[in-house]
Every structure is written in C-alpha cells, then in structure tokens.
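Each chain is listed here by its residues.
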Amino acid sequence: MSTKAYAAQTAKTPLAPFTLERRAVGANDVAIDILFCGVCHSDLHTARGEWGGVKFPSVPGHEIVGRVTQAGGNVKNFKVGDIVGVGCMVDSCRTCPSCKDGLEQYCEGPDGFTGTYNGTMSGRGDNTFGGYSTDIVVDQHFVLKINHDESDLAGVAPLLCAGITTWSPLRHWNVGPGKKVGIVGIGGLGHMGIKLAHALGAHVVAFTTSESKRQAALDLGADEVVISKNSADMKKHALSFDFILNTVAAPHNLDAFMALLKRDGTMTLVGVPSEPHPSPFVGNLIFKRRQLAGSLIGGIPETQEMLDFCAKHNITADIEMIKMQDIENAYERMLKSDVKYRFVIDMNSLKTA
Ligand code: NAP
Ligand code: ZN
Ligand code: ZN
C-alpha cells in the first residue's frame, strides 16, 4: 500500500515528505492506521547520521499507536478496529535463547532484531521505515495491546520506547519499596523513569542539569531533586543509592554518579551518546564492588506488562503534540532540553497534508 511519510534523504538534509510502499498484509501481519507517533532522541541520532550505519532515505519513529485496519488469516489476538502499539522492533529470529526468553531486543540470530526503522528485513537487504508515516504492516508477534482510554492515546505512544526502556531496567534491578533510586536526565526517558519508579514504590531522586525542571520533577513523582552540576549537593547523597538509571544523551562524567551508589549498587546506562563518555574511574567500582551496566529497550512480553501496568495505574507520558511538518523545530528544541517531556506527532497532520 502506498503510504505518506516523512524521511531524511541524507544526514544533512531536513526531513521532508516521502512516499513509500508497505508490504501486502501476510497471514501473520497486522496493518495499522497510525494515529500518533512519539519523537525519541534516537530518531534524531538516526536521521542526522550520528550513530553511523544509517541507511537513507530514513523514516524514523518507533513510538507508534494506531488502529488495526486489516489482520492476516493467522492473526489471533487482534481484529479490525483494535487500538494497538508498535515499539522499536518489528522482527527477530524467534529461535535463539534470548528470543525464547521473550527478550527479542537481545536476539542472537545472524541479523539481531529488526528495528522498526533502519532495520534489515530478514533475508533481504532492504531498509525498514518507521512511524513518521500514515500506515505500517507488522508481524502480530511485535504488536502490543493498548488498554488505555482512547482519549489518552497520544500520551501512550511514548510508552512504546521511553516507557519500556526505563521499565525493563527498573524491573531487572528490582526497584521497589525500600529502594533509593536515582534517575539522571529528565527528558523523554527520564520523566518516564521517575513516573514508573515512583509507581513501583521506590524513593526516587531526580538528577537534572536544568534548574527549571526542579518543580516539574517533583510533580512527576520524584521525592527529591538534585541539580547535578552542584557538587556540594551531589556529595550529600554519597554512598546512598541502590540503583541509578542514567538516560543522558551526551557524554558526561560518570564518576560523579558512581560515587553515590552504595556498596554493590548499580548504575545502568540507557543513553547512547554519539561520542564516548570519559572513561570511568575503576576505583569507584573496585572499592565498593559497584557495577556499571547497560540496558536495551525491552522484550515484547515485558512491554505488554508495562503497558498493562500503566493502564492500571493511569500512567501516560507528559507530551506536547506537534504536526508532522514541525519535526525539525521539535528536534532543535529537544537538543536544548526544551520539551516537557516528549513531542508526539498527530498523524492527522500528515494524512490531511
Ligand atoms: P531527551 O528527551 O533529549 O532527554 C535527554 C536528557 O538528558 C535531557 O532532557 C537532559 O535532561 C539530559 N542532558 C542532555 N544533554 C546533557 C548533557 N550535556 N549533560 C547532562 N545531561 C544532559 O532524550 P531521550 O529521548 O530521553 O533519550 C535519551 C538517550 O537514550 C538518547 O541517547 C537515546 O538515543 C537513548 N535511548 C536509548 C534506548 C535504549 O534502549 N538504551 C532507548 C531509547 C533511547 P536534564 O535537562 O534533566 O539535564
Ligand atoms: Zn526510542
Ligand atoms: Zn533471536
């Protein structure tokens, strides 16, 4: 099917209208009319070629919420009219140990998982095109059920990446009551990290470089806020954290945070800066048996678990709605940390253009 989209033709050119062809709906496929798509910092890293290996033209977008318009003959859990989500993955090998464990993001197959955009379709060389488009066709295994109220759908879209990328490590490192947890960087991911860690019952400390986000972070559910540039305030929290989730999208000094962990504490990085962080001081790790870890989005079962948890606890992202045509302006504002906290594209703006 012919689909309207927005694409970057090169790393140096702004996103612009583009027409692409979605595959015909196969027996296991679900066709989705896209209602909303969140704007993740990874979209910007990709569209501007900051990560290398980007195939152009590039159609970003992996925080997708839409309505089912067609379902193939083998599709069991979805029917026409259902509200569904698609996140960062649209395929994986399904047979490796990670896929069998429901952790498709760590797929050990020859091509790894297939990204919703900039992904290689298995057995074929072509590029996948993401959610900055009016329709998408996705294998049922990678389609999520959305149980939120239909009036909340724009705020649900960011759960498909920002939500699951923070949920997966918070759960893996057992964040809950009695745990002191830091969230570093209050952007799209970080604001979801605060909401989810708070809902899981932890004592949440937000670390931000933006004084203007102090009250906002408390409103999101943080118990305390620390301006990370203030070293005296940082030192007050030395040796006190069980877990720190670091979402910062730029290289920075990790030691300032490692020193805040308790013995055996862990800091997990989810931000993927285009340049490396300064090498951390190993003494911080060795002398307190601390761990520095990483985490990649989340598997399909845990994404469904997160969506159901959010529906039950009335959790959505705090968003600013934009038109597809305003994407470059949104990217510039995201680079200045000037969004509370996620831009979401109203796909009607593309359909009616
Ligand atoms: P975002 O909305 O731009 O938020 C990043 C936040 O980091 C900013 O709001 C800012 O928070 C802080 N920050 C930015 N520059 C900084 C600097 N120079 N020093 C210190 N803090 C700085 O981005 P996002 O969409 O949340 O994504 C964050 C990162 O995670 C990106 O690199 C993205 O590609 C990556 N990501 C990874 C995964 C994964 O699976 N691991 C999944 C999705 C995204 P304050 O204003 O509060 O300081
Ligand atoms: Zn993302
Ligand atoms: Zn696999």
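What counts, and where the lines are drawn
Within every chain, residues take consecutive numbers counted from 1 along the sequence as written. Throughout, the order in which chains and ligands are written sets their labels, letters from A for the former and numbers from 1 for the latter. Local features in a predicted model are, by the rule used here, given only for residues with pLDDT of at least 70; side-chain atom pairs are given and counted only at 80 or more, and totals for whole chains, interfaces and linings are based on all residues. Side-chain measures here rest on the full set of heavy atoms in the structure, leaving out hydrogens and waters. We call a residue near a given molecule or strand whenever any one of its heavy atoms falls within 4 Å of it. Throughout this description, a polar contact denotes any pair of N or O atoms lying within 3.5 Å of each other; where both atoms belong to protein, one of them has to be capable of donating a hydrogen while the other can accept it, and for residues adjacent in sequence the pair is counted only when both atoms sit in side chains. Note on areas: Shrake-Rupley, 1.4 Å probe, and residue coverage restricted to the protein chains presented here. In this description a helix means any DSSP run of H or I spanning at least four residues, a strand means any run of E spanning at least two, and both kinds are numbered starting from the N terminus. Only Asp, Glu, Lys and Arg are considered charged, only Ala, Val, Leu, Ile, Met, Phe, Trp, Tyr, Cys and Pro nonpolar, and every remaining residue, Gly among them, polar. Boundaries of every domain are those given by an automatic assignment or by a domain database. Sodium, potassium and calcium take a 3.2 Å donor cutoff, other metals 2.8 Å, and in both cases only N, O and S atoms count; water is not among them, so sites may look incomplete. The buried label applies to any residue whose accessible area, calculated with a 1.4 Å probe on protein chains only, is under 20% of its type's maximum; exposed applies above 50%, and partly exposed to all values in between. A pairing counts as a salt bridge when a side-chain nitrogen of Lys or Arg comes within 4 Å of a carboxyl oxygen of Asp or Glu. Whether two strands pair comes down to DSSP finding at least two bridges between them. Helix axes are fitted only over the stretch in contact, all axes being lines through C-alpha atoms; the angle between N-to-C directions runs from 0 to 180 degrees. By definition here, a helix of n residues has an expected span of 1.5 Å times n minus one. Any two residues having at least one pair of non-hydrogen atoms within 4.5 Å are treated as being in contact. Orientation categories follow fixed angle ranges, with anything under 35 degrees roughly parallel, anything over 145 roughly antiparallel, 65 to 115 roughly perpendicular, and all other angles oblique. Here a crossing is taken to be left-handed if its near helix is turned anticlockwise relative to the far helix by less than a right angle, and right-handed if that turn runs clockwise.

Draft legend 1. Focus on the site of ligand 1. Not every one of the 29 residues close to ligand 1 is listed here, only the nearest: T208, T209, S210, K213 and R342. V272 is positioned such that a nitrogen or oxygen atom in its backbone is 3.0 Å from an oxygen atom of ligand 1. Relative to its unbound accessible surface of 920 Å², ligand 1 loses 88% to contact with the protein. Contributions of two or more residues to the shell around ligand 1 are made by α1 (41–47) and α5 (188–199). At three residues, the largest contribution of residues to the shell around ligand 1 is made by α1. Across the shell around ligand 1, the residue classes tally to 13 nonpolar, 14 polar and two charged. Shared between two domains, the shell around ligand 1 holds at least three residues of each, these being domain 1 (2–158 + 318–351) and domain 2 (163–294).

Draft legend 2. Molecular detail of the coordination of the zinc ion (ligand 2). Here the zinc ion (ligand 2) is held by the protein donor atoms C40 (SG), H62 (NE2) and C161 (SG), which lie 2.0 to 2.3 Å from it. Read N to C, the donor residues that coordinate the zinc ion (ligand 2) are spaced as C-x21-H-x98-C. Placement of the pair is C40 in the loop between β3 (29–38) and α1 and C161 in the loop between α3 (153–156) and α4 (162–172), with a sequence separation of 121 residues. Here C40 matches C161 in class, with each residue buried.

Draft legend 3. Structural detail: the pattern of salt bridges. What the rule picks out here adds up to 18 salt bridges. Among the ionic pairs, D29 bridges to R23, the shortest N-O distance being 2.9 Å. On the accessibility criterion, D29 (7% relative accessible area) is buried. Exposure remark for R23: the relative accessible area of 35% places this residue in the partly exposed category. When the shortest N-O distance is used, the salt bridge between E63 and R342 registers 2.9 Å. Pair noted here: E63 is in the loop between α1 and β4 (64–71) and R342 is in strand β17 (residues 342–346), with a separation of 279 residues, a long-range link. Of the two residues, E63 and R342, neither departs from the other in class, the shared state being buried. Connected through shared salt-bridge partners, R48, E328 and E332 make up one network.

Draft legend 4. Unusual backbone geometry, seen in detail. Cis geometry is adopted by the peptide bond preceding P57, which originates at F56 and carries an omega value of 0°. Within the element layout of this structure, P57 appears in the loop between α1 and β4. Look at the link from K340 to Y341: it is a cis peptide, with omega at -5°. Looking at the secondary structure, you find Y341 in the loop between α11 (327–335) and β17. Phi is positive for R94, close to 70°, though the residue is something other than glycine. Of note in the backbone geometry, N118 takes a positive phi value of approximately 55° without being a glycine.

Draft legend 5. Examining the sheet that holds strand β14 (residues 261–269) more closely. The parallel open sheet is built from six strands, whose spatial order is β12-β11-β10-β13-β14-β15. Strands with a single pairing partner mark the edges of an open sheet, and in this sheet they are β12 (224–227) and β15 (291–294). The average angle at which neighbouring strand axes cross in this sheet is 20°, direction not considered. When strand β13 (residues 241–246) meets β14, the two strands line up parallel, connected through five bridges. Along β14, the bridge assignment pairs L245 with T268.

Draft legend 6. Representation of helix α10 (residues 300–312) within the structure. For α10, which comprises 13 residues, the first-to-last C-alpha distance of 18 Å matches the rise-based estimate of 18 Å (1.5 Å per residue) to within 8%. Restricting attention to buried positions, one finds in α10 the residues I300, E302, T303, Q304, M306, L307, F309 and C310. Tucked inside the fold, the buried residues of α10 contact β6 (89–91), β9 (144–145), α3, α4 and α5. Positive backbone phi, at 55°, marks N314, one or two positions downstream of α10.

Draft legend 7. Just the coordination of the zinc ion (ligand 3), in detail. Protein ligation of the zinc ion (ligand 3) involves C93 (SG), C96 (SG), C99 (SG) and C107 (SG), the donor distances falling in the range 2.3 to 2.4 Å. Each donor residue of the zinc ion (ligand 3) lies on the same chain, and together they follow the pattern C-x2-C-x2-C-x7-C.

Draft legend 8. Region of interest: the packing of α4 against α5. At their nearest, the axes of α4 and α5 sit 8 Å apart, and the two run at 50° to each other. Taken together, the axes of α4 and α5 lie oblique to each other. Along this stretch, α4 crosses α5, giving a crossing that reads as right-handed. Across the interface between the two elements, A162, G163, T165, T166, W167 and L170 of α4 pack against G188, L189, M192, G193, L196 and A197 of α5.

Draft legend 9. Quick peek at the side chain of Q304. Take Q304: it is sitting in helix α10. Not counting chain neighbours up to four residues away, the residues in contact with Q304 comprise L144 and K145.

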